Amino acid sequence: GQVGVSSIPNSVELTDDTTKRPLLKRTGWCTFTQSFRYTSRKQFEADEKKHMVDPSSGYGWSEERPMYGWVVGSRGAHEGDNDGYTSAERRMRSLFELLPKNEKNTTPTILIT
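This one's a predicted model, so the numbers in the text were calculated from it and none came from an experiment. (Residues numbered from 1 in each chain as written. Predicted model: local features only at pLDDT ≥ 70, side-chain atom pairs only at ≥ 80, totals over all residues. Heavy atoms only, no water.)

1. Considerations on the overall build of the chain
Assigned secondary structure in the chain consists of 2 helices and 5 strands. Starting at the N terminus, the α and β elements of the chain follow one another as β-β-α-α-β-β-β. Taking as baseline every contact in the chain between residues at least 6 positions apart, the subset at least 24 positions apart corresponds to 55%. Counting every atom, the chain has about 8,700 Å² of accessible surface; 51% of that belongs to carbon and sulfur. (Helix = DSSP H or I, 4+ residues; strand = E, 2+ residues; numbered from the N terminus. Contact = heavy atoms within 4.5 Å. Areas by Shrake-Rupley, 256 points an atom, 1.4 Å probe, with all protein chains shown as cover.)

Right under this line is the structure:
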């Protein structure tokens with residue numbers, strides 16, 4: 001793939017209508033307790049063990065775009081299927097809101113706490 005370009009569309013059905021096989025599967029959940037903007041390369045690279053972004057990768061520090069950190073609060077694994085959720089809408093980069101059937105394109109719920 002291309003750095004910064006997701007292979008997952010902004011809106012996606014979780015199950016293929018033809019095969020009934022999952023296209024995406026919910027594997028876990030988390031809450032965020034804080035978000036902040038990194039103000040320097042030094043600050044961003046000092047947090048490498050937290051965000052796990054290799055400084056030499058295409059996702060490393062860039063003067064061209066703002067860089068943010070999100071502090072994870074609670075988290076857990078999810079067992080089982082998608083529990084009645086049928087689609088997902090991108091809310092921020094790799095974070096998607098799961099939507100039950102017939103709620104696609106409705107007002108989103110709050111994802112960051």
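Don't stop here, the text continues.
2. Let's talk about the confidence of the model for the chain
Detailed conclusions should not be drawn from predicted coordinates in areas where pLDDT is low. Confidence in the prediction for the chain averages 82 pLDDT; 88% of positions are at 70 or higher. Of all the helices and strands in the chain, strand β5 (residues 95–100) carries the lowest mean pLDDT, 83, while helix α1 (residues 41–46) carries the highest, 97. Taken as a whole, residues 107–113 scores under 50 in pLDDT and shows 11 contacts with residues more than four places along the chain or in a different chain. (pLDDT = per-residue confidence, 0-100.)

3. Topic: the pairing of strand β4 (residues 85–92)
Both strand β1 (residues 11–13) and β4 contribute to a ladder of 3 bridges, which runs antiparallel. Each residue of the ladder has a partner; that of E13, found in β4, is S87. Across 6 bridges, the pairing between β4 and β5 is antiparallel. When the sheet's bridge partners are listed, E89 is paired in β5 with E97. Taking the residues that link successive antiparallel strands as the turn, the β4-β5 hairpin has 2 residues, and the phi of R93 there is positive, at about 45°. (Pairing = 2+ DSSP bridges.)

4. Description of the packing of aromatic side chains
Scanning the entire structure with this criterion turns up 4 aromatic pairs. A ring pair is formed by F32 and W70, whose centres lie 4.9 Å apart and whose planes are at 75°; its orientation type is edge-to-face. With F32 in strand β2 (residues 28–38) and W70 in strand β3 (residues 67–77), this pair connects stretches of sequence that are 38 residues apart. The exposure class of W70 is partly exposed, given its relative accessible area of 25%. Among the aromatic residues, ring-to-ring pairing joins F36, Y38, F44 and W61 into one connected group. (Phe/Tyr/Trp six-rings, centres within 6.5 Å; stacked < 30°, edge-to-face > 60°. Buried < 20%, exposed > 50% of the residue type's maximum accessible area, 1.4 Å probe, protein only.)

5. Here we look at unusual backbone geometry
Leaving glycine out, the prevailing phi sign among residues is negative, and the prevailing peptide bond configuration is trans. Backbone geometry at M52 places phi at a positive 60°, although glycine is not the residue there. Tracing the backbone through its elements, the reader meets M52 in the loop between α2 (48–51) and β3.

6. Here we look at the pattern of salt bridges
Tallying each qualifying case throughout the model produces 3 salt bridges. In this structure, the salt-bridge partner of E45 is R41, at a minimum N-O distance of 3.4 Å. Of this pair, E45 and R41 both sit in helix α1, separated by 4 residues, roughly a single helical turn. When the shortest N-O distance is used, the salt bridge between K50 and D47 registers 3.7 Å. (Salt bridge = Lys/Arg side-chain N within 4 Å of Asp/Glu carboxyl O.)

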